[in-house]
Amino acid sequence: MSSARLRTFLAVARHASFSAGARAIGLSQPTATNQVQALEREFNVELFHRRGRRIELTTVGRALLPIASQLALLEAEAANLLRDAGKLNRGQLRIGAVGPFHVIEMVDRYQAQYPQIDVSIRVGNSASVLADLENYVSDIGVLAGLQDDPAFVAQRYARHPVILFAHVDHPFARHDEVPLQALQGQPLLRREQGSTTRLALEQALAEADVSPRIAMEIGSREALREAVIRKLGIGAVSEAEYIADPSLKVIRIAGDAVFTETYLYYLAERRSSRVIDSFLSIALQ
């Protein structure tokens, strides 16, 4: 089986287009089409459903995609090793994250030491970040919270207290710190289901038998901040994610009783990857 044909299949599948996939790997569209068709003929299978200009992966194509991704990654790592004698003089590092916080500071430190490595950042939710790691789309995942899955290795990067913030006209704004019990009956703006900050705060409130009044559920940090500016309630975010505004006041929770943790994830089977190890050694210093 030709590795070139597999690379072409992978490019076409990732771009959902023969023309875009061909451009991504420097081929003409007819050449890319011929290579995929040759792969289909070789094994008497259909990898794509052609519907006019649209294409979709068949069942066999979907099953082949993660294998082709893994083979392409291994081929790239072998080329990097042979070409640069393991010195990381060039290569790629792909990072998946649930947000830009923490990631930029890690990348800044990493590129100061490894400027030849091409670093890319792909933002998504926790499920998509883990799926990208599993499918070899990303090398490192940056997530809040610990996932119990033996397929991944997780190393803690940092712990961040969850803070409250309110409009400067709110009574809370007279305080730099309040006990968790002060949230009893207060209008709290709640993050969406699955938010690590929401989970940590709700657990702490339940343990303290405190029941705020849920004013609204909001699906992003940016919208949450805007709602607090408009006096719709009290917000809660990880301290590392807070963006200041003259109309807002930060109020700490006494004793930093609520916190989130950021972890770096990678596939357990990729423990020996030099580029992953190089990133971890810088990020976890």
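- Where an unreviewed UniProt entry is consulted, the protein appears under the name LysR family transcriptional regulator, with the organism given as Pseudomonas putida.
- Checking UniProt for the protein, the heading Sequence similarities (unreviewed entry) contains the comment "Belongs to the LysR transcriptional regulatory family."

1. Some remarks on the packing of aromatic side chains
And step 1. By the definition in use, this model includes seven aromatic pairs.
And step 2. Sitting above the plane of the Phe-259 ring, Arg-159 keeps its charged end 3.9 Å from the centroid.

2. Describing a nonpolar patch on the surface
And step 1. A contiguous nonpolar patch, built from Met-1, Phe-43, Val-45 and Val-60 and spanning about 370 Å² of accessible area, is present on the exposed surface.
And step 2. Checked against the element boundaries, Phe-43 lands in helix H3 (residues 29-43).

3. Points about the UniProt feature "domain: HTH lysR-type" (unreviewed entry) in the protein
And step 1. As annotated by UniProt and renumbered to match this structure, "domain: HTH lysR-type" (unreviewed entry) occupies residues 1-58.
And step 2. Secondary structure content for residues 1-58 is 60% helix and 14% strand, while the C-alpha to C-alpha distance between its ends is 19 Å.

4. Quick word on the nonpolar core
And step 1. Leu-93, Ile-95, Tyr-110, Ile-140 and Phe-279 are the most contacted members of the largest nonpolar core, which has 25 residues in total.
And step 2. It is helix H9 (residues 274-283) that provides the largest number of residues to this core, a total of six residues.
And step 3. Here Tyr-110 is in contact with Leu-93, Ile-117, Val-119, Val-275, Ser-278, Phe-279 and Ile-282, once residues within four sequence places are set aside.
And step 4. Core analysis: the next-biggest nonpolar cluster, separate from the first, contains 18 residues, Ala-200, Ala-204, Ile-234 and Val-258 among them.

5. Description of the pattern of salt bridges
And step 1. Using the criterion set out here, one finds 22 salt bridges in the structure.
And step 2. Arg-190 is the partner of Glu-202 in a salt bridge, and the nearest nitrogen-oxygen pair spans 3.6 Å. You can see Glu-202 sitting in helix H7 (residues 196-207) and its partner Arg-190 sitting in strand S8 (residues 187-191), a full 12 residues away along the chain.
And step 3. Sharing partners across several salt bridges, the network here consists of Arg-190, Arg-198, Glu-202 and Glu-217.

Rules and cut-offs
Residues numbered from 1 in each chain as written. Predicted model: local features only at pLDDT ≥ 70, side-chain atom pairs only at ≥ 80, totals over all residues. Heavy atoms only, no water. UniProt positions renumbered as here; feature names shortened; annotations may be inferred. Phe/Tyr/Trp six-rings, centres within 6.5 Å; stacked < 30°, edge-to-face > 60°. Lys NZ or Arg CZ within 6 Å of the ring centre and 35° of its normal. Patch = residues over 30% accessible without salt bridge, like charges linked within 9 Å, V, L, I, M, F, W, Y side chains within 5 Å. Areas by Shrake-Rupley, 256 points an atom, 1.4 Å probe, with all protein chains shown as cover. Salt bridge = Lys/Arg side-chain N within 4 Å of Asp/Glu carboxyl O. Helix = DSSP H or I, 4+ residues; strand = E, 2+ residues; numbered from the N terminus. Core = buried A, V, L, I, M, F, W, Y, C linked by side-chain atoms within 4.5 Å. Buried < 20%, exposed > 50% of the residue type's maximum accessible area, 1.4 Å probe, protein only. Contact = heavy atoms within 4.5 Å.

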